[in-house]
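# Examining the three-dimensional arrangement
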2 protein chains.
Amino acid sequence: MSQINTMEDFAKACGVSRPTVSKYFHDASSVRPKTRAKIEEALERYDYSPNIYAINQNRKLTKTIGIVVPHLADPFFAEMARVIEAKLLDAGMSPAMYSAYGDPRKEVEILDGLRAMKPAGVLMAPLGEISDRRALEKFAKAVPTIVFDSRIEGFGEAFIGSDNGSFISQTVDYLVRVAAPPLFFDMATPANPNAIARRDHYVRLMDKLGVEPQIFSVSGRGWKFEEVGFRGALDLLSQGVPDRPVLCSNDRLAMGFLAAAYEKGVRVGRLPTDDLQLASNDDHPLSRYTCPPLTTAAHDYDAVAGLSVRMLLERIEQGSPLRQYKATFFQPRLALRDSA
Amino acid sequence: MSQINTMEDFAKACGVSRPTVSKYFHDASSVRPKTRAKIEEALERYDYSPNIYAINQNRKLTKTIGIVVPHLADPFFAEMARVIEAKLLDAGMSPAMYSAYGDPRKEVEILDGLRAMKPAGVLMAPLGEISDRRALEKFAKAVPTIVFDSRIEGFGEAFIGSDNGSFISQTVDYLVRVAAPPLFFDMATPANPNAIARRDHYVRLMDKLGVEPQIFSVSGRGWKFEEVGFRGALDLLSQGVPDRPVLCSNDRLAMGFLAAAYEKGVRVGRLPTDDLQLASNDDHPLSRYTCPPLTTAAHDYDAVAGLSVRMLLERIEQGSPLRQYKATFFQPRLALRDSA
DNA sequence: CAAATTTATTTGCGCGCGTAAAAAATTGTT
DNA sequence: AACAATTTTTTACGCGCGCAAATAAATTTG
């Protein structure tokens, strides 16, 4: 045998029949140990690997799992995608990662491309308000889809995310204890449903406390949150230092805020000598290394990723859509650091 | 026609023959405008798309281009991958992104998987010293590979990156002008070839200046550079504030350093009232938002990504390996901010 | 050791499309 | 209108493997 190109060739080289080799590649433990040894021995010598295109053409169920996030250059989603990918690999699946990079048209293109790949399932965090809802729903009808982080009603067979209400109530409660009801700092027109929910919860919480909600909303679009936070904080601080703590909708805005405060000479921190207390949400991977380190409410990355993967795999194994839509919200954990 | 599943079905629905439809999908402009109109009209009504597995099985040359980076959760590589992906999409290719997440075994697995996909080519930033050199070289022999950012000798048909010497000489030169020859702060055993080159250049430069090189190397492995920088700086600063500026090998280490300085009450900045000047390299996406904003040498992200893509596409079109290995190094640009 | 059971082999069809060659139809040219 | 040049159709084979049914061999059981 000069050159091993097909499974036929390879089977001959092992002294085993082709269907048996096929079975082996589908599930190595499904053939007798002796046969398996023969195959794996030949595998060493010839480094043959089956043609994935021929395989996937004939299998109705691919081993591919799509991971779709709104923006991979956002460390939160990068970290999320990393954890999910690792868990999928552990389960023997082939993850394929895609990022819409903030563009809803790109999001649809990704789904189109994904559908052509006949994936076993998809784990997706949609862009949010700006997503093409109809396209997403149509996709989820054709491909088992579990949604994480950003919920869109009517899309996907299940949702796994974090409890925005709890984010806000934990951070607000802490700030109230150590200082006063905070000013809420966010983007005026956020695409992300979590951002919207957080603002709503803030208002509700202030109402409950009998305090007038005070919101500073920064205009701006896209995913340059640090820049938005920076501009907004510059604007806010030029009107004087707030007489109460500031709660940022998310850590990336808070980082921009910190940069602006630094530039303005406003000392952020929890000590009596500091000018302003600042808290935030998400526990962005870098929030421990800001100056000062951010007090923030932390996502349970691993729990969200873990349950998302488990639910998708169950759904796939089961072979039929989940009986009913189920939304799971994990509780954040307060990460007390020095900014508030 | 109840359901359009195959190209055969679709061709019938257009009133065109199957080979013509096939030709259309390969190159839409290769069929007569009238025929093209017929096909595109039917495309609207039936939203058929050819089976990618069947296509790729029969084509020797896939349109897939692999993008492989050492760690996607590092904003530098996330940004790099984003730009490269966009450029590939513009060129009509299908990018597939992979991250080794710092693990050399994973890097090899990615390449194995990639080879099975018969990609037209691959753009790769290898892990560096810890990479399985032999596996990489073997891969590059089978698949057109252009290497970017981290150079490994003997691997790939070309290299595009940034000029480490120029990084160091620009930052050092600036620090010498405004203060004094800097202390160099880096990781003791970096995997990345750029880190090694930067330290070498620093030593050479100090020699040229007739100054004793002073290096503070932090032990630590992996990709948690902020943490390493933080620990190292805590250690360094506990011995007293250096009497000269500090130059960090890269921005992520510098961010950790800044956090440590903040904790220690050491004021970093360029003003006379500050205690320490700190400069760095890379122009990490967040380095403008640190406190103080980092003075750093900036990669030309777009130039590196652009040339990498162009060279790979040329190589693919040409159909044969590049006549000779060519390494291109772009000049960094000094980003003067407030940390030094 | 024979029977029952598990596992492997043989055979052969089908997946959806690429592609080549020859024949037919369409278009452009004089 | 007649011819040449281009484009499309027809026909038919091949890609590498999944998968199913029948048969044969190996293993386990009594």
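Heads up: these notes are all about the structure in this document. Source: prediction; values computed, not measured. (Residues numbered from 1 in each chain as written. Chains lettered and ligands numbered in written order. Predicted model: local features only at pLDDT ≥ 70, side-chain atom pairs only at ≥ 80, totals over all residues. Heavy atoms only, no water.)

### Let's talk about the relation of the copies chain B and chain A
You can overlay chain B on chain A at an RMSD of 0.2 Å; the transform is a turn of 180° with a shift of 0.1 Å along its axis. Put plainly, the chains are arranged around a two-fold axis. It is Tyr53 of chain B whose C-alpha, among those of chain B, lies nearest the rotation axis, at 2.4 Å. Here 100% of the contact residues of chain B are again contact residues in chain A; the copies associate through an equivalent surface. (Least-squares fit on C-alpha atoms with pLDDT ≥ 70 in both. Contact = heavy atoms within 4.5 Å.)

### Notes on the packing of aromatic side chains
Residue and element names in this part refer to chain A. Counting across every chain of the model gives 27 aromatic pairs over all chains. Plain terms: the ring middles of Phe184 and Tyr202 are 5.0 Å apart, the flat faces sit at 15° to each other, and that makes the pair stacked. With Phe184 in strand 6 (residues 183-187) and Tyr202 in helix 9 (residues 193-209), this pair connects stretches of sequence that are 18 residues apart. On the accessibility criterion, Phe184 (0% relative accessible area) is buried. (Phe/Tyr/Trp six-rings, centres within 6.5 Å; stacked < 30°, edge-to-face > 60°. Helix = DSSP H or I, 4+ residues; strand = E, 2+ residues; numbered from the N terminus. Buried < 20%, exposed > 50% of the residue type's maximum accessible area, 1.4 Å probe, protein only.)

### With respect to the packing of helix 6 (residues 104-116) of chain A against helix 7 (residues 133-142) of chain A
All names here are of chain A. At their nearest, the axes of helix 6 and helix 7 sit 10 Å apart, and the two run at 20° to each other. Judged by the angle between their axes, helix 6 and helix 7 are roughly parallel. For the pair helix 6 and helix 7, the crossing hand works out as left-handed. Contact residues: Glu107, Val108, Leu111, Leu114 and Arg115 in helix 6; Ala135, Leu136, Lys138, Phe139 and Ala142 in helix 7. Among the residues making up the contact of helix 6 with helix 7, the classes are represented as seven nonpolar, no polar and three charged. (Axes fitted to C-alpha atoms, helices over the stretch in contact; angles between N-to-C directions. Parallel < 35°, antiparallel > 145°, perpendicular 65-115°, else oblique. Left-handed = near helix turned anticlockwise from the far one by under 90°. Nonpolar A, V, L, I, M, F, W, Y, C, P; charged D, E, K, R; others polar.)

### Focus on the sheet that holds strand 12 (residues 333-335) of chain A
All names here are of chain A. Spatial ordering of the open sheet is given by 7-6-8-9-10-12, a layout of six strands whose pairing is mixed. Of all the strands in the sheet, just strand 7 (215-218) and strand 12 have a single pairing partner and so form its edges. Neighbour to neighbour, the strand axes of the sheet diverge by 20° on average, direction disregarded. Here strand 9 (residues 278-282) pairs with strand 10 (residues 295-298) via four bridges, running parallel. Counterpart to Ser280 in the pairing with strand 10 is Thr296. Running over the sheet, helix 8 (residues 164-178) touches strand 6, strand 8 (246-248), strand 9, strand 10 and strand 12 and is turned about 160° from strand 9. (Pairing = 2+ DSSP bridges.)

### Quick word on the interface of chain B and chain A
The interface is formed by 44 residues belonging to chain B together with 45 residues belonging to chain A. Both sides of the chain B and chain A interface together cover about 3,600 Å² of buried area, and 62% of this is carbon and sulfur. Of all residues in chain B, the largest losses of buried area upon contact with chain A belong to Tyr53, Tyr289 and Cys291 of chain B, amounting jointly to 21% of the total for that side. Counting across the interface, chain B meets chain A through five salt bridges. Among the ionic pairs, Glu263 of chain B bridges to Arg288 of chain A, the shortest N-O distance being 3.9 Å. Counting across the chain B and chain A interface gives five residue pairs in polar contact (both at pLDDT 80 or more). (Buried area = accessible area lost by both parts, 1.4 Å probe. Salt bridge = Lys/Arg side-chain N within 4 Å of Asp/Glu carboxyl O. Polar contact = N/O pair within 3.5 Å; in protein donor to acceptor, adjacent residues only side chain to side chain.)

### Topic: the sheet that holds strand 6 (residues 183-187) of chain B
Strands belonging to one sheet form pairs held by backbone hydrogen bonds; the direction of such a pair is parallel or antiparallel. Residue and element names in this part refer to chain B. Within the open sheet, the six strands sit side by side as 7-6-8-9-10-12. Their pairing is mixed. With partners counted over all chains shown, the strands left at the sheet margins are strand 7 (215-218) and strand 12 (333-335), one partner each. Within this sheet the neighbouring strands show an average axis-to-axis angle of 20°, counted without direction. Taken together, the four bridges between strand 6 and strand 7 define a ladder with parallel strand orientation. In the sheet register, Met187 faces strand 7, and the bridge partner there is Val218. Most of the contacts of helix 8 (residues 164-178) go to strand 9 (residues 278-282), to which it runs at about 160°, and overall it touches strand 6, strand 8 (246-248), strand 9, strand 10 (295-298) and strand 12. On top of the sheet, helix 9 (residues 193-209) reaches strand 6, strand 7 and strand 9; it is set at about 160° to strand 6, its chief contact.

### Digging into the pairing of strand 5 (residues 158-162) of chain A
Put simply, side chains in a regular strand alternate between the two faces of the sheet. Residues and elements named next belong to chain A. In terms of burial, strand 5 is largely enclosed, as five of its five residues are buried. The pairing of strand 5 with strand 11 (residues 326-330) spans five bridges and is parallel. Counted as the bridge partner of Ala158 is Lys326 from strand 11.

### Let's talk about the environment of Asn58 of chain B
Residues and elements named next belong to chain B. Along the chain, Asn58 falls in helix 4 (residues 52-58). Classification of Asn58 by relative accessible area gives exposed; the value is 68%. The spacing of Asn58 and Ile196 is 138 residues in sequence and 45 Å in space, taken between C-alpha atoms. Among the polar contacts listed, one links the side chain of Asn58 to the backbone oxygen of Ala54, at a separation of 3.1 Å.

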